[in-house]
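Examination of the molecular architecture
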Amino acid sequence: MALFQISEPGQTPAPHERRYAVGIDLGTTNSLVACVRSGVAETLPDEHGRHLLPSVVRYRTDGAPVVGHDAIAVAHEDPLNTIASVKRLMGRGVEDVRRLGQSLPYEFSPGDSAMPRIRTVAGDQSPVAVSAEILKTLKTRATQSLGMEIGDAVITVPAYFDDAQRQATKDAARLAGLNVLRLLSEPTAAAVAYGLDKNPRGVYAIYDLGGGTFDISLLRLNRGVFEVMATAGDSALGGDDMDHAIAEWIMREAGIQDDAGHRQMRRLLRDARAAKEVLTGAEKTTLRVQRDNHEVWEGVLTRTHLNALIDPLIDRTLPPCKRVLRDAGIRANEVDGVVLVGGATRIPRVREKVSQFFGREPLADIDPDKVVAIGAALQADVLIGNKRDEEMLLLDVIPLSLGLEIMGGMVEKIIPRNTTIPVAKAQDFTTFKDGQTALLVHVLQGERELVTDCRSLARFELRGIPPMTAGAARIRVGFQIDADGLLSVSARELTTGVESSVVVKPSYGLTDNEIEHMLRDSIAHAREDEEARKLREQQVDADRLIEAVESALAADGSLLDVKERTEIDRSIEGLKAARGGNDAARIKQAIKTLDGATLAFAARRMDANIRRALTGHKLEEFGAPGGKPTS
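These numbers come from a predicted model, not from an experiment.

Further remarks concern unusual backbone geometry. With phi around 55°, S38 is a residue other than glycine that occupies positive phi space. Structurally, the position occupied by S38 is in the loop between β2 (30-37) and β3 (40-43). Judged by relative accessible area, S38 falls into the exposed class, the value being 77%. Although it is not a glycine, S85 adopts a positive phi angle of roughly 55°. Here S85 is to be found in the loop between β7 (82-84) and α2 (94-99).

Before going further, it helps to examine the packing of aromatic side chains. Applying the stated criterion across every chain, the model contains three aromatic pairs. Measuring from centroid to centroid gives 4.8 Å for F357 and F358, while their planes differ by 75°, and the two rings are edge-to-face. Side by side, F357 and F358 carry an identical accessibility label, which is buried.

A few words now on the pairing of strand β23 (residues 475-481). Of all seven residues in β23, five are buried; the element is thus mostly enclosed. In the sheet, β23 pairs with strand β24 (residues 487-493) via seven bridges, with the strands oriented antiparallel. The residue bridging V477 from the neighbouring strand is A491, located in β24.

Looking at where D241 falls in the secondary structure, it is placed in helix α6 (residues 239-254). For D241, a relative accessible area of 17% corresponds to the buried category. When residues no more than four places from it in sequence are discounted, the contact partners of D241 are R88, A236 and L313.

A word on helix α3 (residues 127-146). For α3, spanning 20 residues, the distance from its first C-alpha to its last is 29 Å, which sits close to the expected 28 Å at 1.5 Å a residue. Within α3, 15 of the 20 residues are buried, which leaves it mostly tucked inside the rest of the structure. Immediately downstream of α3, the backbone of G147 shows phi near 75°, a positive value.

The next thing to look at is helix α14 (residues 562-579). The terminal C-alpha atoms of α14 lie 25 Å apart, and with 18 residues this matches the ideal 26 Å at 1.5 Å per residue to within 8%. Along α14, the residues that are buried comprise I568, S571, I572, L575 and A578. One side of α14 holds all its buried residues, which, seen down the axis, span an arc of 130°. More than 90 degrees from the buried face of α14, the exposed residues found are V562, K563 and R570.

The subject of this paragraph is the sheet that holds strand β5 (residues 56-58). Hydrogen bonds between backbone atoms are what pair the strands of a sheet, whose relative direction is either parallel or antiparallel. The three strands lie next to each other as β6-β5-β7, forming an open sheet whose pairing is antiparallel. Each end of this open sheet is capped by a strand with a single partner; those strands are β6 (66-67) and β7. Strand direction decides the pairing type here: β5 and β7, joined by three bridges, are antiparallel. Considered in β7, the bridge of V56 is made with A84. Where α3 meets the sheet, it contacts β5, β6 and β7, and its direction lies at approximately 105° from that of β5.

In contact at an axis separation of 9 Å, helix α8 (residues 303-315) and helix α10 (residues 348-358) are set at 50° when each is read in the N-to-C sense. The angle between α8 and α10 places the two elements in the oblique class. Relative to α10, the crossing made by α8 is right-handed. Each of R303, N307, I310, D311, I314 and D315 in α8 lies in contact with α10, whose residues at this interface are P348, R349, V350 and K353. Here the contact of α8 with α10 is composed, by residue class, of four nonpolar, one polar and five charged.

The subject of this paragraph is the packing of α14 against helix α15 (residues 584-597). Across the interface, α14 lies against α15 with an axial gap of 9 Å and an inter-helix angle of 165°. Overall, the two elements α14 and α15 adopt an arrangement that is roughly antiparallel. Taken as a pair, α14 and α15 cross one another with a handedness that is left-handed. Contacts between α14 and α15 involve E567, I568, S571, I572, G574, L575, A577, A578 and R579 from the first element and R586, I587, A590, I591, T593, L594 and A597 from the second. Split by residue class, the contact of α14 with α15 holds 10 nonpolar, three polar and three charged.

How each quantity is defined
- Residues numbered from 1 in each chain as written.
- Predicted model: local features only at pLDDT ≥ 70, side-chain atom pairs only at ≥ 80, totals over all residues.
- Heavy atoms only, no water.
- Helix = DSSP H or I, 4+ residues; strand = E, 2+ residues; numbered from the N terminus.
- Buried < 20%, exposed > 50% of the residue type's maximum accessible area, 1.4 Å probe, protein only.
- Phe/Tyr/Trp six-rings, centres within 6.5 Å; stacked < 30°, edge-to-face > 60°.
- Pairing = 2+ DSSP bridges.
- Contact = heavy atoms within 4.5 Å.
- Expected span 1.5 Å × (residues − 1).
- Arc of directions from axis to C-beta.
- Axes fitted to C-alpha atoms, helices over the stretch in contact; angles between N-to-C directions.
- Parallel < 35°, antiparallel > 145°, perpendicular 65-115°, else oblique.
- Left-handed = near helix turned anticlockwise from the far one by under 90°.
- Nonpolar A, V, L, I, M, F, W, Y, C, P; charged D, E, K, R; others polar.

Pasting the structure below:
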């Protein structure tokens with residue numbers, strides 16, 4: 001007779017044990033947590049049935065921080081201690097934050113740290129620490145909903161988040177006590193949510209306009225394989241900017257000065273967001289705004305006027321859309337579907353512009369606020385092994401090329417942009433000078449040809465290279481990017497095995513629109529960069545040849561007669577003069593001239609070296625292997 005196994009909920013022994021992992025959409029305006037239960041992915045509500053958690057944290061002098069709805073309710077009363085839209089500060093440096101503008105309603109503490117610190121009554125807080133409070137609240141919600149402690153999570157990030165921003169998100173998760181199974185790009189998460197039960201094949205555009213970031217990605221879906229073909233976006237564009245545009249209009253209409261206090265600005269942004277949400281379904285709304293002098297201004301905002309205010313912001317999303325189509329090599333009419341993600345895509349004007357651009361009505365079957373969290377939950381369920389029979393492969397890409405500095409201040413690209421990750425690539429390099437025993441490895445990010453036009457990510461040294469002649473050492477530099485888009489670089493000298501490596505963890509991220517600017521600059525300056533690279537390459541070749549010839553002359557100059565030495569010296573001076581100019585063709589010709597002048601000298605040196613090697617030895621000593629003389 002068979003016996004049933006009975007145990008406490010959440011403590012069922014193997015092999016029937018069911019594990020839970022959650023998907024978290026850590027958003028600029030709102031955040032959500034979702035989980036797969038009984039085969040269905042759903043977002044988890046709080047005790048009041050609310051699924052969205054406002055990404056707002058209020059710090060107090062006594063007690064733990066307040067997160068979510070309770071924090072946002074008093075944001076206008078305590079603006080300096082209530083942090084909203086912190087996602088915009090993730091992975092940024094102090095200088096980057098200053099460039100965001102003076103409208104941020106926070107006070108930043110001066111200090112030596114590269115990471116900005118927000119001054120609050122509970123002490124200085126980093127963006128990572130603020131984000132950790134949001135993640136802790138979501139973790140607690142999941143634990144209460146599922147009846148067990150939750151530790152594993154897939155957390156989504158904008159596809160355009162760079163390495164620093166992704167690392168900052170991972171650090172926040174670790175502070176919150178979460179084990180990150182994977183950082184998943186938000187567009188990919190949306191494709192997972194749609195693709196598993198929709199058309200299994202085709203090319204889809206994921207248009208993700210959230211509170212603070214915009215992403216556009218093209219994904220090819222083919223029977224469970226989600227391949228990101230290209231991605232673009234703007235890491236500082238979203239619904240928050242629309243709120244600011246509406247708030248500025250209110251200030252002009254109500255006669256409120258630009259130097260309005262923090263409380264007044266928070267009230268204006270709250271009223272602007274409410275008006276925007278009302279106009280999603282209505283044609284007009286009435287606004288009542290209290291000035292600091294307690295007078296009340298009343299006005300009407302129509303949907304037509306709203307469209308005029310936000311059109312410039314929506315139009316900023318279209319150039320990235322054009323770029324991903326160009327990068328993927330397809331036209332807009334070849335896209336099989338457009339998926340809308342993010343709360344800002346509820347706005348009718350956004351949907352109208354997207355429809356016009358792609359020539360088709362976008363898909364909006366799943367709540368755009370919840371679709372990313374649901375996709376993350378589905379991926380989390382697969383990663384912990386609950387769906388072993390289901391094949392699903394997610395192939396993200398990197399947004400910018402990665403490479404190394406080489407001689408002449410040039411960049412050798414190792415991994416080009418839009419390369420599928422995870423990926424590992426290696427390339428062999430060598431030394432430039434005789435006897436060189438160390439090598440500085442400089443890791444760069446960007447599309448331009450010169451180091452000065454790209455962004456520095458990290459530097460590290462490889463020491464212990466055995467002294468050899470220039471060009472004899474073989475140094476293999478390897479790049480490895482994991483599924484989360486995080487980079488590690490190693491360098492190894494192949495003859496000795498000496499090795500050095502670095503995990504690239506920048507202390508700050510790219511500035512607003514820097515990625516987009518990098519790509520645009522690479523196109524605008526393509527010809528100029530090509531010419532600059534050719535010049536640098538010829539200059540490096542010239543330096544190498546001059547050093548080699550001068551070294552040879554110092555060692556064996558006695559092998560030359562006066563006429564030969566004069567010709568070589570004249571050729572060296574000619575090459576040095578050409579090297580100091582900007583004409584790559586002239587340098588190349590001068591290199592050719594010096595090569596020709598030293599051909600006889602090189603042959604004579606080789607003969608002399610062979611004679612020196614044979615001095616004092618018998619010919620029989622240089623026989624065949626095994627000691628037998630050659631026939």
